[in-house]
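# Examining the three-dimensional arrangement
Listed below are the residues making up each chain.
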Amino acid sequence: MREVADGHFEEGPALLIRDDIIALVERALGAAQQAGDIPQFAAPEITVEHPARAEHGDFSANLPLRIQGMARMKAIEVAEALRAHVPEHEAVERVAVAPPGFLNFYLSPAWVATQTAAIIEAGETYASSTLGGGKRVQIEYVSANPTGPIHVGNGRGAAIGSTLARVMAAAGYEVEQEYYVNDAGTQVAIFGRTLYARYQQLFGREVQIPENGYPGEYVADIARAVKERSGDQFLKEPGEEPDPDLGRIGLDVMIEGIRADLAAMGVEYDRWFSERSLMEEGGAYDVVMDLLEQQNYIARREGAVWFTSSDLGESKDNVLIRSDGQPTYYATDIAYHYDKFVVRKFDRVIDIWGADHQGHVSRVKAAVAAVGADPDALEVLLYQLVTLKRGSQVVPLSKRAGEIVTLRDIVDEVGADATRFFFLLTGANQTMDFDLDLAKKQSDENPVYYVQYAHARIASILVKAQDEGYSSDGGDTGLLLHEAEQALLRQLLLLPEVVEKTVLELAAHHLPHYAQDLASAFHAFYTQCRVIQADQPDLTKARLLLLHATQTVLARTLGLMGISAPSSM
RNA sequence: GCGCUCGUAGCUCAGGGGAUAGAGCGCUGCCCUGCGGAGGCAGAGGUCGGAGGUUCGAAUCCUCCCGGGCGCACCA
C-alpha cells in the first residue's frame, strides 16, 4: 500500500526490483564509507543497467568507475570494497566484481521463478505504478483542421498520442485526451465557400471552386448530402455570401467523420475542444488579449496587432490580429493554452504536433509564460513527417493534391492493430516511410502478427489443457528453472521498466519493441519446453502458471498500445 | 543564411556515457514420429556519415564539416 495523493491509498504493484538493486548499491556505499574502506564524499546518483551480455548478470552498477576519482582508488578496488558491504537480498543470488570496475548482480533463479504469482495476481494492472502521483496531465493530439479528412501523418500522431495516454494513465497520471477543433478562422471560411460552390454546382450554376479552396471530392459529397436533406434552402442570389449555417453543417459532418475515423483506429477523446468557444463574449480570447495588453506585450503597427514576443527572447514579434481584423491562429492558440493552464489548471500539458509545426513551439511557450503559466509545464512532442509510398513510389499527402489517401483507407486495408503497431514502431523524431503495398500485404513481414500469434498460441494451449483436465491450481512456480523459462520470466519482469521509460521519455516506440522481445522469448520457450506433460504433473502446473503470466503481460502490453490480444487468429 | 531534426547491417529501425554494437525483413543452411511452423536454431553481413575534442571509457556528450528532412508569413 502506498500513498498516491491527498491521503488516497491504493494497492501498489511489486516494487521494481531494479530500484531494490539501486538501494543495495547505495547501502553498500554507505556501509563501506562508514567502515572506512572508502573515503567519505557525496556520491552521485546511483543507476544500474541491464548488461548486454547475460554472463555479466541481471543488473550492473558502474558506480566504482564513476567515483574512482573521488575515492582516489582504483575502480576495481572500489568495486571490491562495495561488494563486501552489499546487504543480503532475497532476490540476489550473488554479486560479482568485473573489470574494469563493474559491480554485477545476479538474480536468484528461484526468486525470478516465483514472481510468476505476483504477475498473475496483478493481472491487467501489472506494470501500473504511482509514478505520476495523480497529477493531471492533458494530452492534445491530432487536432487536424476539420476542413478535410485526416491523413497518414495524422495517424501517426493519433497512435502516439493515444498510446502515451494509456501508458501515462497506467503510470498513475490522471490523463485527459483532447482534440482541438479549429472551427474558426480563415481555413474554415474557405471551406465554407468551397462547400457553397459545390452546392451551387448541383443546381447547375457555373461556379468555380474558390482559389485556395478544397478541391477534394469529399466537399462535393457533403454538398450532395445537404441538397438531399434540405433542397435549395441554402441557395442565395448569385454573388451573395454563403449562409454561415451551411459551412457549419459541413464542418459538423467533417468532424463526425474524423471522430469515426479515429475511433476506427481505437482512438477516443475525453473532449473535443472548440476553437470558436474561445471567441465567445468574455471568453479566454478576450481575457488573454486584455492580459497581454496589461503586461505591455502588445504593439500596434502596420494596421495589425502584434505580440512583442521578442521581449521574451523570441527571434521576432508575431501578429495576433491581422489588419483585416481577423485573429491569427497564433492568437487563438494562446487563448487555448491559457485555458489549459490557467482555467483548467492542468499540471502538465503535452501537445503532439507534426514536425512541420516546430517553429511554433517556442512561440507558444513564450506566450504561455506571458500569460503567467510555467512554460516548462508545456511539453511539445514533435513527430517527424510520414512519407507515404506505394512500393518505391512516393504518394503526395497534401489535402490539396489529387489523390487523397486517408487514414481510414489504411485502417480499412490493413486493420487498426497493424496500423497502430506500424506507427508506433519508429521513434517520433525519426522520419518514417509508410509503404502502403507492404502494409497491405498482411504477411509475416508485419511484426504485429508475430506478437499476437504468441498470445493466440498461449490461449490455444490453455484451452487444450482445460479440455484435458489439467489445472494450474497449487502449482509450484519454483520449478521454472529451465534456461528458456528463466529468459521468459526476465522479459516479463521488464514491463514495469518499459512503462516507466515510456513515460519519462514520452517515447511510445519502446512498447512495440518490448512486445517483440517478449513474444520472441515466449516462442523460444514454447519450442524448448513442452507445457502439457501427463507424466510430469507438477511441472505442467508450474508451466501453466507461466503461460497465464505470459498471456497477462502480452495482453497488457498490447492493451497499452491499443492493440487487440486475440485468442485465435 | 539561421533554427530544429536525422545519418547505425542490403532494406526498415532499436540502442543515446559502459564490457565483444542489436532486432525484424531479405540471404544461406538446419529443425515438424507430442501443446497453433504466422514458429525455433545457426551463419554471412558494420571504418555507427567524416574529422577533432571531453572522459577511466564515446555509436552516445561538445565543436566543425558533409549529406537528407522540416521550419524561418498579417497560413494553420
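Scope of this entry: the structure provided in the associated data block.

### Details of the overall build of chain A
A count of helical and extended segments in chain A gives 20 helices and 17 strands. C-alpha extents for chain A along the principal axes are approximately 90 × 60 × 50 Å. Going through the 569 residues of chain A one by one, you find that 51% of them count as buried. Of the contacts made within chain A by residues no fewer than 6 positions apart, 71% connect residues no fewer than 24 positions apart. As displayed, chain A offers around 25800 Å² of accessible surface, 47% of which is attributable to carbon and sulfur atoms. In chain A, 50 side chains carry a positive charge and 81 a negative one; their mean positions are 3 Å apart.

### Considerations on the pattern of salt bridges
In this structure the tally under the stated criterion is 24 salt bridges. Note that Arg490 and Asp58 form a salt bridge whose closest N and O atoms lie 2.5 Å from each other. With Arg490 in helix α17 (residues 483-492) and Asp58 in the loop between β3 (48-49) and β4 (59-61), this pair connects stretches of sequence that are 432 residues apart. For Asp58, a relative accessible area of 14% puts it in the buried group. Put simply, Arg224 and Glu217 hold a salt bridge, and the shortest N to O gap is 3.7 Å. One salt-bridge network, held together by shared partners, links Glu176, Glu178, Asp339 and Arg344.

### Quick look at the protein's contact with RNA strand B
Surveying the vicinity of RNA strand B reveals 63 residues, the closest of which are Glu302, Arg322, Tyr450, Tyr453 and Arg457. Here a base nitrogen of RNA strand B sits 2.5 Å away from a polar atom, N or O, in the side chain of Ser60. Of all elements in the fold, only α2 (63-71), β6 (102-107), α6 (186-202), β11 (304-307), β17 (432-435), α16 (447-467) and α19 (510-528) reach the threshold of two or more residues within the surface near RNA strand B. Per-element accounting of the surface near RNA strand B gives the leading share, 8 residues, to α16. Residues that form the surface near RNA strand B fall into these classes: 21 nonpolar, 27 polar and 15 charged.

### A closer look at the pairing of strand β5 (residues 92-98)
In this sheet, β6 lies alongside β5 in antiparallel orientation, the contact comprising 6 bridges. Across the sheet, the residue bridging to Val97 is Leu103, located in β6. In sequence, β5 turns back onto β6 through a hairpin of 3 residues, with Gly101 there showing a positive phi of about 160°.

What counts, and at which threshold
- Throughout, a residue's number is its position along its own chain's written sequence, starting from 1.
- Going through the entries in the order they are written, you letter the chains from A and number the ligands from 1.
- Only residues with pLDDT of at least 70 are given local features in this predicted model, and only at 80 or more are side-chain atom pairs given and counted; all residues enter the totals for whole chains, interfaces and linings.
- To get the side-chain values, all heavy atoms of the structure are used, and hydrogens and water are removed first.
- Runs of E in the DSSP output that reach at least two residues are strands. Runs of H or I that reach at least four are helices, and both are numbered from the N terminus.
- Burial classification: accessible surface area is computed with a 1.4 Å probe over protein chains only, and a residue below 20% of its type maximum counts as buried, one above 50% as exposed, and the rest as partly exposed.
- Contacts between residues were defined by any pair of non-hydrogen atoms, one from each residue, lying within 4.5 Å.
- For the area figures, the Shrake-Rupley method with a 1.4 Å probe applies, and any residue is considered shielded solely by the protein chains shown.
- A residue counts as positive if it is Lys or Arg and as negative if it is Asp or Glu; His and the chain ends are not included.
- Charge coordinates come from a single atom per side chain, which is NZ of Lys, CZ of Arg, CG of Asp or CD of Glu.
- When a carboxyl oxygen of Asp or Glu is within 4 Å of a side-chain nitrogen of Lys or Arg, the pair counts as a salt bridge.
- We call a residue near a molecule or strand as soon as one heavy atom of that residue lies within 4 Å of the molecule or strand.
- Nitrogen and oxygen atoms within 3.5 Å of one another constitute a polar contact, given that in protein one can donate a hydrogen and the other can accept it, and given that sequence-neighbouring residues count only through two side-chain atoms.
- By the convention adopted, Pro, Cys, Tyr, Trp, Phe, Met, Ile, Leu, Val and Ala count as nonpolar, Lys, Arg, Asp and Glu as charged, and the other residues, Gly among them, as polar.
- Note on pairing: DSSP must find at least two bridges between two strands before they are called paired.

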